[in-house]
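Close look at the chain arrangement
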Amino acid sequence: MRRKRCGGDARQPARGDVVIFRAPGHMDQDWIKRVIGLPGDVVSHEGAEVLVNGRKVGARLARTRLGLTLSPGPEGVIPRGCYYVGSDHPRGFDSRYAE
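Residue numbering note: each chain is counted from 1, following its sequence as written. In view of the model being predicted, local features appear only for residues whose pLDDT reaches at least 70, and side-chain atom pairs are presented and counted only at 80 or more, with totals across whole chains, interfaces and linings using the full set of residues. Excluding hydrogens and water, the side-chain values take into account all heavy atoms of the structure.

Let's talk about the environment of Val35
Note the following rule: Per the convention used, a helix needs a DSSP run of H or I reaching at least four residues, while a strand needs a run of E reaching at least two, with both numbered from the N terminus. Two residues qualify as a contact provided that any one of their heavy atoms is within 4.5 Å of a heavy atom in the partner residue.
For Val35, the location among the structural elements is in strand 3 (residues 31–37). The spacing of Val35 and Gly86 is 51 residues in sequence and 6.6 Å in space, taken between C-alpha atoms. If sequence neighbours within four positions are ignored, Val35 has contacts with Pro13, Ala14, Arg15, Gly16, Asp17, Val19, Tyr83, Tyr84 and Val85.

Right, here's the structure in full:
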């Protein structure tokens, strides 16, 4: 993930920060997401619910609006240098999904 911060602030993202980055496979567009999980946090799934450290942070959809199947994102400890990011939009494309 390439991070950009307003005002040139290069510190590591904190929970709740908004980050702007370019995702692999989508390097032609900026992605704007909120940091929900930090390195060392634990991501888990209970049905469609997504939890970080046991706290519900969102819900996954089974399919896109076009009917394409969405795969759940990874579970487990967030590795060093990685972040769980999301959006407030229920159909937002974020860490809830593996695609």
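Here we look at the side chain of Asp41
How we decide: Residue exposure (1.4 Å probe, protein chains only): buried if accessible area is under 20% of the type maximum, exposed if over 50%, otherwise partly exposed.
In this fold, Asp41 is placed in the loop between strand 3 and strand 4 (42–46). Given the relative accessible area of 8%, Asp41 is considered buried. Ignoring any residue separated from it by four or fewer positions in sequence, one finds Asp41 in contact with Arg15, Ile36, Val52, Asn53, Gly76, Val77 and Ile78.

Things to note about the confidence of the model for the chain
As a reminder, the rule being used: The predictor attaches a confidence to each residue, called pLDDT, with possible values from 0 through 100.
Per-residue confidence for the chain gives a mean pLDDT of 84, with 89% of residues at or over 70. Confidence drops under pLDDT 50 across residues 1–7; counting only partners more than four residues distant or on other chains, this segment forms 15 contacts.

Brief notes about the pairing of strand 5 (residues 49–52)
What counts is decided by this rule: Here, strands pair whenever DSSP counts at least two bridges between them.
The sheet contact formed by strand 4 and strand 5 spans four bridges and is antiparallel. Its bridge partner being in strand 5, Ser44 is matched across the sheet by Leu51. The hairpin turn running from strand 4 into strand 5, its antiparallel successor, is two residues long, and Gly47 in that turn takes a positive phi close to 65 degrees. By the bridge criterion, four bridges tie strand 5 to strand 6 (residues 55–59) in an arrangement that is antiparallel. By the bridge assignment for strand 6, Leu51 is matched with Lys56. Hairpin geometry of strand 5 and strand 6 is characterised by an intervening segment of two residues between the two adjacent antiparallel strands and by a positive phi of about 55 degrees at Asn53.

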